[in-house]
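One-letter residues, chain by chain:
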Amino acid sequence: MLPPLKPIAIKERISLLFLEKGELDVLDGAFVLVDKNGVRTQIPVGSVACLMLEPGTRVSHAAVVLAARVGCLLAWVGEAGVRLYAAGQPGGARSDRLLYQAKLALDEEARLKVVRKMYEIRFQGPVPSHYSVMQLRGMEGARVRELYVQLARKYGFEWKGRNYDSSSWGSGDLPNRCLSSATACLYGICEAAVLAAGYAPAIGFVHSGKPLSFVYDVADLFKFDTVVPVAFRVAAANPFDPERAVRLACRDSFRETRLLRRIIPTIEEVLKAGGIPIPEPPDDALKPAIPEERGLSDAGHRG
Amino acid sequence: MLVIVVEAAPPRLRGRLAVWLLEVHAGVYVGDLSVKVREMIWQQVVAGIEDGSAVMAWSTNTEQGYDFTTIGKNRRVPLELDGVKLVSFLPATGGGSTGVITDEGEEDGIGCGSFDAPE
């Protein structure tokens, strides 16, 4: 008998794979994409942080079970990789981390400390201590607009501002479309990392009220040193297939910035700034009947 | 790290590969050589493989961490997905002269046949 499957750490994985047209199934215990001609392509699902399923894919129950068991996030995406739905929870959403995150988010003082830390990371330096969140947001907005303009100037095109209509894909200009594709890639791996570390994507600090609020918070910490320059560089080159070019360039940028190694430690650093210790289980709580085995993976993963 | 696996290769090619690499298993050669030497060895494989097939994989500085190349007829063909290389396994075409279709099929000489392989 083979030993049971366990997830490996996010930092050891390939960031993303986009799959289109075919049926995802399990054959001989391997995750395979079978196309209508019967061509089988094995996907090393345990070595991928996030699988982006494009229109034209079907997934069997067994495939979802296997993806969950090895801790690979399945995200259903639409045209150009912009997310439609997501499912499959690679982490175990352990209660201790969830309670910690919820406690930080609900304690107004702790939340502000986390928000401030997030802005410090974005500004790469301390932020004025007397500034309110509104003021920080204003500063950040100005910085972001300036960065867009600077990057557009660097790559030699005119930037007309960030605008996109998620309901009509072709409406944006090329830089905006490249940017949407690139951020979708970043959201995919950030969601995989948030879940792998055992946190809830919905409990955000800067963002709130969306199913992926915390994912947007985390992605924003990395956006301008990874995917934004990539998207602008690709847009300036005006390639034949911009989406593919964006994904290739994002992959290089994720590797060069060692993003997968940095996401989970950064999440922990940011939450630690809240100044609240990870809560201990209450004395009267029952211990799990079957103790958890230490796996190979990140702390939140279901082993 | 460099790995070459040959199948149905002439003995002279296998001997030649053993000049630079260690044959750790029948037809499986490993080594750790520079890009230049790797390309030289692959040229030798291309020149000497005849009706056999071979694959060479090596460590490289991509997100995947390795790359590979193949030569000769095989039901496994490389497939590139946005910068990650995977392998597609083509279905048996049923046109094999032996009439026996095994799961693997490589040794039966069931090649790509009339099947349109993806790029």
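Residues numbered from 1 in each chain as written. Chains lettered and ligands numbered in written order. Predicted model: local features only at pLDDT ≥ 70, side-chain atom pairs only at ≥ 80, totals over all residues. Heavy atoms only, no water.

As annotated in an unreviewed UniProt entry, chain B is Type I-E CRISPR-associated endoribonuclease Cas2 from Methanoculleus caldifontis.

Applied cut-off: UniProt positions are given in the numbering used here, feature names are shortened, and annotations may be inferred rather than shown by experiment.
Looking at an unreviewed UniProt entry, one finds chain A named CRISPR-associated endonuclease Cas1, with Methanoculleus caldifontis as its source organism. Word for word, the UniProt comment on chain A under Sequence similarities (unreviewed entry) is "Belongs to the CRISPR-associated endonuclease Cas1 family."

**Structural notes on the side chain of Thr266(A)**
All names here are of chain A. Stated precisely, the cut-off is as follows: Here a strand is any run of E in DSSP of at least two residues, a helix any run of H or I of at least four, and the numbering for each starts at the N terminus. Nitrogen and oxygen atoms within 3.5 Å of one another constitute a polar contact, given that in protein one can donate a hydrogen and the other can accept it, and given that sequence-neighbouring residues count only through two side-chain atoms. By the convention used here, residues are in contact when the closest approach between their heavy atoms is within 4.5 Å.
The topology assignment puts Thr266 in helix α9 (residues 259-272). One polar contact links the side chain of Thr266 to the main-chain carbonyl oxygen of Arg262, over a distance of 2.6 Å. Apart from the residues within four sequence positions on either side, Thr266 is in contact with Ile121, Leu221 and Phe222.

**Details of the nonpolar core**
Using the following cut-off: Take the buried Ala, Val, Leu, Ile, Met, Phe, Trp, Tyr and Cys residues and link them wherever side-chain atoms come within 4.5 Å; each set so joined is a nonpolar core. When a residue's accessible area, from a 1.4 Å probe over protein chains only, is under 20% of the maximum for its type it is buried; when over 50% it is exposed; and in between it is partly exposed. The domain limits used here are those given by an automatic or database domain assignment.
Counting residues in hydrophobic clusters, the biggest one holds 72 residues, and the most contacted among them are Phe205(A), Phe214(A), Phe232(A), Phe254(A) and Leu271(A). It is helix α5 (residues 174-196) of chain A that provides the largest number of residues to this core, a total of 14 residues. Counting the residues that make up this core, at least three belong to each of domain 1 (10-87) and domain 2 (95-272) of chain A. Setting aside chain neighbours within four positions, we find Phe254(A) in contact with Ser15(A), Leu16(A), Cys185(A), Leu186(A), Ile189(A), Thr226(A), Val227(A), Leu259(A) and Glu63(B). Core analysis: the next-biggest nonpolar cluster, separate from the first, contains 21 residues, Leu17(A), Val48(A), Leu74(A) and Leu81(B) among them.

**Concerning unusual backbone geometry**
Phi angles above zero are rare outside glycine, and Asn238(A) is one such case at about 50°. Look at Asp82(B): it is not a glycine, yet its phi comes out positive at around 45°. Structurally, Asp82(B) is set in the loop between β6 (76-81) and β7 (84-89). Its relative accessible area of 8% is what places Asp82(B) among the buried residues.

**Section: the UniProt feature "binding site: Mn(2+)" (unreviewed entry) in chain A**
Residues and elements named next belong to chain A. As recorded in UniProt, the sites labelled "binding site: Mn(2+)" (unreviewed entry) are Glu140, His207 and Asp220. The greatest C-alpha distance among the residues just named is 13.5 Å, despite their covering 81 residues of sequence, which places them together in space. Along the chain, Glu140 falls in helix α4 (residues 133-155). Ignoring anything within four residues of it in the chain, the contact list for Glu140 reads Tyr119, Arg122 and Phe123. Within the local environment of Glu140, its side chain forms a polar contact with the side chain of Arg122, the two groups lying 2.5 Å apart. For His207, the location among the structural elements is in the loop between α5 and α6 (213-222). On the accessibility criterion, His207 (26% relative accessible area) is partly exposed. If near-sequence neighbours (up to four positions away) are discounted, His207 is found in contact with Ser213, Tyr216, Asp217 and Asp220.

**Details of a nonpolar patch on the surface**
All names here are of chain B. Heads up, the rule is: Exposure above 30% relative accessible area and the absence of a salt bridge qualify a residue for a patch, where like charges join within 9 Å and nonpolar side chains (Val, Leu, Ile, Met, Phe, Trp, Tyr) within 5 Å. Per-residue and other accessible areas were derived by the Shrake-Rupley procedure at a 1.4 Å probe size, with only the shown protein chains allowed to occlude residues. The working definition used for a salt bridge is a side-chain nitrogen of Lys or Arg within 4 Å of a carboxyl oxygen of Asp or Glu.
Among the surface-exposed residues, Val19, Trp20 and Leu33 lie close enough to one another that they form a single nonpolar patch of about 250 Å² accessible area. Following the sequence through the fold, Val19 ends up in helix α1 (residues 11-20). Using a relative accessible area of 56% as the deciding quantity, one classes Val19 as exposed.

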